[in-house]
There are 2 protein chains.
Amino acid sequence: MFGCIRGRKSSREKILDAAAELVSEVGSGRLTLDAVAERAGLSKGGLLYNFPSKEALLQGMIQRMVDEVSAEREALRGKLGGPNLEARLCVNAALKMRTGNMKEISNGMLAASSENPRLLEPVRHVLKDVLEHLKTTSEDADAALVAWLAVEGMCSLELHDISPFSEQDRERVVKAVNRLLDKGLSE
Amino acid sequence: MFGCIRGRKSSREKILDAAAELVSEVGSGRLTLDAVAERAGLSKGGLLYNFPSKEALLQGMIQRMVDEVSAEREALRGKLGGPNLEARLCVNAALKMRTGNMKEISNGMLAASSENPRLLEPVRHVLKDVLEHLKTTSEDADAALVAWLAVEGMCSLELHDISPFSEQDRERVVKAVNRLLDKGLSE
DNA sequence: TGCACCAAACCGTCCAGACGGTATATAAAT
DNA sequence: ATTTATATACCGTCTGGACGGTTTGGTGCA
């Protein structure tokens, strides 16, 4: 009907956005191709043209999340300083993911985990790298690990929509985490 | 209601175990009543006798998890000391959940989140209470929050089966968290 | 500029299988 | 004999995916 140049977003992105939104609305296990197509303003055929299978769609969601986080980390590099730099990158990148439409991008993890846990392999790989980086480059690896995990834990609670934290609570935790990275943990 | 308390497991428990196992094998969104029945060594009719609907089964999984954690916390109370006691209870209870078959009990969260996020309401309640307790009773609330979140983050990674941590890494994190609770975070 | 052509993008329909749930029969226990 | 607990058979609905056809934007050429 309309060409692929209509609007600013590509069909691919609109589909991924639609899928991410739907996950938080209907639950990760209730994500259907029909619903995604409708939300994205496409027919089911059009959807299956862009992603030849549901698994391909989920892979796309995961990949976008991985790429987005990685890009955010690199964008922050150079803008941040202080000890335990790698941990700071992780912390701030994770926090950035809570803003804008990036928040829902992480829903791809839930959808993939729901359908086929094997699809999380790219995430495993990233986490492994992050852990290695943190352990080898941090001035205080213990503090770096705890700080990273704390933010990861907070994001995880929000991802599942079970976070009891208010915005004030969140800021408080962020400050505490930064203090931990400043002070360190060892004597 | 609670039939065989001694010796053999009740059908209810076998069903809940089977469901929890299946979640980590096939994915939280692929959990079917037929599969649960087969794994539990029951017919589908027998399963539906114990849990009249799939939602009831998921509720049962969630409730068992909540009860189990709560029991673990109370069992630890009195056996632990030092500052920030509530945080220590949370940390150690969460760690205990990683052992034995308790590890898979948490899979109920994934299954419920996948099918109907509303079923996580009991979990929200618990988390809200925990946060309140931590904020009001801790000597160093900041340290308590960070410590709690760090362990929660680690458990979350394992729940999704994407944890990059070795057993040594885990012990290291646990020690670091305990050090944080000992030392505190404020000056 | 106009025209023939093509691959990319998209649509609408159809279907086999899977799933949750019901109805009913059967066995065991009290 | 009544209740509890399990098994069997079946139904209606929904889903992922296949398929053939259609429109679109672009390209080469005259």
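Look above for the structure.
Residues numbered from 1 in each chain as written. Chains lettered and ligands numbered in written order. Predicted model: local features only at pLDDT ≥ 70, side-chain atom pairs only at ≥ 80, totals over all residues. Heavy atoms only, no water.

K.L.:
Help me out: how do you make sense of the packing of helix H1 (residues 11-26) of chain B against helix H7 (residues 107-115) of chain B in this one?
P.N.:
The relative placement of two packed helices comes down to the angle between their axes together with the axis-to-axis distance. All names here are of chain B. Remark: H1 packs on H7, axes separated minimally by 9 Å, with the N-to-C direction vectors making an angle of 70°. The orientation of H1 relative to H7 falls into the category roughly perpendicular. Across from Ala20, Val23 and Ser24 in H1, the residues of H7 making contact are Asn107, Leu110 and Ala111. Partitioned by chemical class, the residues of the contact of H1 with H7 number 4 nonpolar, 2 polar and no charged. (Axes fitted to C-alpha atoms, helices over the stretch in contact; angles between N-to-C directions. Helix = DSSP H or I, 4+ residues; strand = E, 2+ residues; numbered from the N terminus. Parallel < 35°, antiparallel > 145°, perpendicular 65-115°, else oblique. Contact = heavy atoms within 4.5 Å. Nonpolar A, V, L, I, M, F, W, Y, C, P; charged D, E, K, R; others polar.)

K.L.:
Just checking my understanding: could you explain unusual backbone geometry for this structure?
P.N.:
Both trends apply: most residues other than glycine have a negative phi, and most peptide bonds are in trans. For Asn84 of chain A, which is not glycine, the phi torsion reads 55° and is therefore positive. Backbone geometry at Asp161 of chain B places phi at a positive 60°, although glycine is not the residue there. Looking at Asp161 of chain B, the relative accessible area reads 52%, which means it is exposed. (Buried < 20%, exposed > 50% of the residue type's maximum accessible area, 1.4 Å probe, protein only.)

K.L.:
Just checking my understanding: could you explain the protein's contact with DNA strand C for this structure?
P.N.:
Taken together, 14 residues surround DNA strand C, and among them Ser11, Ser43 and Tyr49 of chain A together with Lys44 and Lys54 of chain B come closest. Near the protein, meaning within 4 Å, the atoms of DNA strand C are sugar or phosphate in a fraction of 57%, with bases accounting for the rest. Ser11 of chain A is positioned with one of its side-chain polar atoms (N or O) 2.8 Å from a phosphate oxygen of DNA strand C. Contact between DNA strand C and Ser43 of chain A: a phosphate oxygen at 2.5 Å from a main-chain N or O atom of the residue. The set of elements that each furnish at least two residues to the surface near DNA strand C consists of helix H3 (44-50) of chain A together with helix H3 (44-50) of chain B. It is H3 of chain A that provides the largest number of residues to the surface near DNA strand C, a total of 4 residues. Tallied by class, residues from the surface near DNA strand C come to 5 nonpolar, 7 polar and 2 charged. (Near = heavy atom within 4 Å. Polar contact = N/O pair within 3.5 Å; in protein donor to acceptor, adjacent residues only side chain to side chain.)

K.L.:
Explanation requested: the interface of chain A and chain B in the structure shown.
P.N.:
As a measure of interface size, the accessible area lost when the parts come together is often cited. Counting from both sides, the interface comprises 47 residues of chain A and, opposite them, 47 residues of chain B. Across the interface of chain A and chain B, roughly 4,200 Å² is buried in total on both sides, 63% from carbon and sulfur atoms. Ranking the residues of chain A by area buried against chain B places Leu149, Ile162 and Leu185 of chain A at the top, with a combined share of 14%. The interface formed by chain A and chain B holds 9 salt bridges in total. Every element with two or more residues in the side of chain A that touches chain B is listed here: helix H7 (107-115), helix H8 (121-137), helix H9 (141-159) and helix H10 (167-183) of chain A. (Buried area = accessible area lost by both parts, 1.4 Å probe. Salt bridge = Lys/Arg side-chain N within 4 Å of Asp/Glu carboxyl O.)

K.L.:
Just to check I follow, could you spell out the relation of the copies chain A and chain B for this structure?
P.N.:
The operation relating the pair of chain copies consists of a rotation about an axis and a translation along that axis. Least-squares fitting of chain A to chain B yields an RMSD of 0.2 Å, with the superposition described by an axial translation of 0.0 Å and a rotation of 179°. Read as a symmetry element, the transformation amounts to a two-fold axis. (Least-squares fit on C-alpha atoms with pLDDT ≥ 70 in both.)

K.L.:
Even after reading the chapter, I still don't get the environment of Ile15 of chain B, so can you show me in this structure?
P.N.:
All names here are of chain B. Turning to its location among the elements, Ile15 is positioned in helix H1. Between the C-alpha atoms of Ile15 and Glu121, which are 106 residues apart in sequence, the distance is 22 Å. Beyond its immediate chain neighbours, meaning those up to four positions away, Ile15 contacts Val36, Ala40, Leu42, Leu47, Asn50, Phe51 and Leu57.

K.L.:
Looking at this structure, I do not really get empty space enclosed by the protein. What am I missing?
P.N.:
Empty space among the atoms can be located by rolling a probe the size of a water molecule over them. Scanning all chains against the criterion turns up 1 cavity of 30 Å³ or more. Forming the walls of the largest cavity are Ser28, Leu110, Ser113, Ser114 and His160 of chain A together with Ser28, Leu110, Ser113, Ser114 and His160 of chain B. Secondary structure elements with two or more residues in the lining of the largest cavity: H7 of chain A together with H7 of chain B. (1 Å grid on protein atoms, 1.4 Å probe; cavity = no way out; pocket = protein on both sides within 12 Å on 5 of 7 lines; lining within 4 Å. Points joined across faces, edges and corners; volume = space filled by probe spheres on them.)

K.L.:
Can you walk me through the environment of Leu22 of chain B in this structure?
P.N.:
Residues and elements named next belong to chain B. Considering the arrangement of structural elements, one finds Leu22 in helix H1. For Leu22, a relative accessible area of 7% puts it in the buried group. Distance in space between the C-alpha atoms of Leu22 and Met65 is 16 Å, their sequence separation being 43 residues. The contact partners of Leu22, leaving out residues within four places of it in the chain, are Gly27, Leu31, Ala35, Val36 and Arg39.

K.L.:
Which parts of the structure should I look at to understand the pattern of salt bridges?
P.N.:
Oppositely charged side chains may form a pair once their charged atoms are brought near each other. Applying the stated criterion across every chain yields a total of 39 salt bridges over all chains. Arg179 of chain A is the salt-bridge partner of Asp142 of chain B, the closest N and O atoms lying 2.8 Å from each other. Of the two residues, Asp142 of chain B is situated in helix H9 (residues 141-159) and Arg179 of chain A in helix H10; the pairing between them involves two chains. Since its relative accessible area comes to 14%, Asp142 of chain B is described here as buried. Judged by its relative accessible area of 27%, Arg179 of chain A falls in the partly exposed class. Between Lys54 of chain B and Glu115 of chain B there is a salt bridge whose closest N-O contact spans 3.3 Å. Pair noted here: Lys54 of chain B is in helix H4 (residues 54-76) and Glu115 of chain B is in helix H7, with a separation of 61 residues, a long-range link. Overall, Glu115 of chain B belongs to the buried group, its relative accessible area being 17%. Here the salt bridges do not stand alone but share partners, grouping Arg73, Glu74, Arg77 and Glu86 of chain A into one network.

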